[in-house]
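# Coordinate analysis (summary)
Residue strings, one per chain:
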There are 2 protein chains.
Amino acid sequence: GEGGGEDVAMDDVVRVPVVRMAIGEVAESSAVVVLPVCRAEGKQIEVEEAPWESGMRGEFGVVEAEKGWSRWVVLPGWGPVVPLKRGGVVVAFPKARGVLSWRSKRRDTEEEVLVVVDRERKEVEFDDGFYLVMSGGNGSGEEGLKVERGGKLKEIGVVESLGTVVLVVRPPREEVENLRDEDWE
Amino acid sequence: GEGGGEDVAMDDVVRVPVVRMAIGEVAESSAVVVLPVCRAEGKQIEVEEAPWESGMRGEFGVVEAEKGWSRWVVLPGWGPVVPLKRGGVVVAFPKARGVLSWRSKRRDTEEEVLVVVDRERKEVEFDDGFYLVMSGGNGSGEEGLKVERGGKLKEIGVVESLGTVVLVVRPPREEVENLRDEDWE
């Protein structure tokens, strides 16, 4: 199972890791990453316009983006996130449902999730990979940003995405809540 | 002395605490704070224009500023910084010299420092307090942002500043360097 959620275990380099943030985990990390945030209900343009450079510089790790942006998130320096030197962006989905369709425990689907995307890898490369796309809302669902499997995109002839999903982050869960949880992970 | 620098010790509520960041310290505290950054060589307008709202919201602590900004820093949730719900800003000084004139160890004066300022407290209140002001550069020094003692400002009739300095942050120092240091703190 995904267990404590502190380590990002990837048993397949193509699949996307899902990690649950621990309470206060950002503070406990020896390194952090700061990335611009887009809203899932936003438009494609928001993802494209978010700053591409968000590296931390100097002795204090000051983030110097190439342009201003109002939404930012601090993440622990997880393996899949650290290499995003350029083009990293986070999309905040108010509900995991739809985003994490391949995992469907009821409680989890109601949670907010953050999807970390590498905008420098737009090509729909792997069937098992996950990609950020703009969903047109043509009867099949709401218009907005969506995470889709590579295989499904290829089936409908989509070869370019807004970026490759490198990590999905679930919110911290209160300890006490875990104890009540009947379906232990 | 300021010693390990991990705790912010204030023996006088009016004086400004100076803290040395530990290596990887965005570590070790139970929360982090994200603040907009201005350059010391910038103009007063930069300090006034930096976002006032930089609170962290939701389960992931996403920063939602009221406007875009390109420079940000993540700080450990130190005591004097956490209460800055609105109006907090960080000014990055390339040299501590001049900023930390009341401490003049040679090596320290060459270091970069971050000055954390509360823009909601503009009034020059305490003689012993420190305030961010714009220095005109009228022969007495370079034009730019400056940290000045309340007493000195009052002497020249200045009653309003750009904000009260709540914390000065020194950069992390390599352990090995500390061992060579002859003037232990």
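Computed from a predicted structure; not experimentally measured.

### Details of the overall build of chain A
- From N to C terminus, chain A includes 5 helices and 9 strands.
- Across chain A, helices and strands are ordered from the amino to the carboxyl terminus as β-α-β-α-β-β-β-α-β-β-β-α-β-α.
- Here chain A, with 185 residues, has 50% of them falling under the buried criterion.
- Accessible area of chain A: about 9300 Å², with a carbon and sulfur share of 47%.

### Some details on the relation of the copies chain A and chain B
- Least-squares fitting of chain A to chain B yields an RMSD of 0.0 Å, with the superposition described by an axial translation of 0.0 Å and a rotation of 180°. The two molecules are tied by a two-fold rotation axis, judged by turn and shift.
- Comparing contact sets, 100% of the residues at the interface of chain A also lie at the interface in chain B, consistent with an isologous, same-surface contact.

### A few points about the nonpolar core
- Ranked by internal contacts, the top residues of the largest apolar core, which has 74 residues, are L75, F93, V116, L132 and V169 of chain A together with F93 and L132 of chain B.
- Of the residues forming this core, the biggest block, 7 residues, is contributed by strand β4 (residues 62–76) of chain A.
- Filtering out sequence-adjacent residues up to four positions away, F93 of chain A remains in contact with A40, V99, E112, V113, V115, L132, L145, K146 and V147 of chain A.
- By size, the runner-up hydrophobic cluster in this structure holds 19 residues, among which are V19, V37, L114 and V166 of chain B.

### What to know about the pairing of strand β4 (residues 62–76) of chain B
- Of all 15 residues making up β4 of chain B, 11 are buried, and the element is well covered by its neighbours.
- As judged from the 5 bridges shared by β4 of chain A and β4 of chain B, these two strands associate in the antiparallel manner. When the bridges of β4 of chain B are listed, V63 of chain A appears paired with W72 of chain B.
- Of the pairings in the sheet, the one linking strand β2 (residues 32–39) of chain B to β4 of chain B comprises 5 bridges and is antiparallel in character. Opposite L35 of chain B, over in β4 of chain B, you have V73 of chain B as the bridge partner.
- Here 2 bridges tie strand β3 (residues 56–57) of chain B to β4 of chain B, and the two strands are oriented antiparallel to one another. Within β4 of chain B, the residue paired with R57 of chain B across the bridge is V62 of chain B.
- Counted between consecutive antiparallel strands, the loop separating β3 of chain B from β4 of chain B contains 4 residues, among which G58 of chain B sits at a positive phi close to 75°.

### Points about the pairing of strand β5 (residues 88–93) of chain A
Residue and element names in this part refer to chain A.
- Counting buried positions along β5 yields 6 of 6 residues, so the element is predominantly enclosed.
- Every second residue of β5 is oriented toward a common face, with G88, V90 and A92 on one face and V89, V91 and F93 on the other, all of them buried.
- Both strand β2 (residues 32–39) and β5 contribute to a ladder of 3 bridges, which runs parallel. Bridged to V37 within β5 is V90.

### Observations regarding the environment of A31 of chain B
- Structurally, the position occupied by A31 of chain B is in the loop between β1 (18–20) and β2.
- In the structure, A31 of chain B is positioned 132 residues away from G163 of chain B in sequence and 24 Å away in space, judged by C-alpha atoms.

### A look at the interface of chain A and chain B
- Between chain A and chain B, the residue contacts involve 33 residues of the former and 34 residues of the latter.
- Between chain A and chain B, a total of about 2500 Å² is buried, with carbon and sulfur atoms accounting for 64% of that surface.
- For the pair chain A and chain B, the number of links is 2 salt bridges.
- Close ionic contact of E64 of chain B with R71 of chain A constitutes a salt bridge, the shortest N to O distance being 3.9 Å.
- For the side of chain A that touches chain B, the leading source of residues is β4 of chain A, giving 12 residues.
- Class assignment of the residues belonging to the side of chain A that touches chain B gives a composition of 20 nonpolar, 6 polar and 7 charged.

### What about the packing of aromatic side chains?
- Scanning the entire structure with this criterion turns up 1 aromatic pair over all chains.
- Judged by centre distance (6.5 Å) and plane angle (50°), the ring pair of W72 of chain A and W72 of chain B falls under tilted. Separated into two different chains, W72 of chain A in strand β4 and W72 of chain B in strand β4 make up a pair that spans both.
- Taking the relative accessible area as the measure of exposure, W72 of chain A reaches 1% and is therefore buried.

### Quick notes on the side chain of E111 of chain A
Residue and element names in this part refer to chain A.
- Here E111 lies in the loop between α3 (106–109) and β6 (113–118).
- Classification of E111 as buried rests on a relative accessible area of 12%.
- Residues in contact with E111, not counting those within four places in the same chain, are R20, P94, K95, A96, R170, P171 and R173.

Criteria and cut-off values
- Residues numbered from 1 in each chain as written.
- Chains lettered and ligands numbered in written order.
- Predicted model: local features only at pLDDT ≥ 70, side-chain atom pairs only at ≥ 80, totals over all residues.
- Heavy atoms only, no water.
- Helix = DSSP H or I, 4+ residues; strand = E, 2+ residues; numbered from the N terminus.
- Buried < 20%, exposed > 50% of the residue type's maximum accessible area, 1.4 Å probe, protein only.
- Areas by Shrake-Rupley, 256 points an atom, 1.4 Å probe, with all protein chains shown as cover.
- Least-squares fit on C-alpha atoms with pLDDT ≥ 70 in both.
- Contact = heavy atoms within 4.5 Å.
- Core = buried A, V, L, I, M, F, W, Y, C linked by side-chain atoms within 4.5 Å.
- Pairing = 2+ DSSP bridges.
- Buried area = accessible area lost by both parts, 1.4 Å probe.
- Salt bridge = Lys/Arg side-chain N within 4 Å of Asp/Glu carboxyl O.
- Nonpolar A, V, L, I, M, F, W, Y, C, P; charged D, E, K, R; others polar.
- Phe/Tyr/Trp six-rings, centres within 6.5 Å; stacked < 30°, edge-to-face > 60°.

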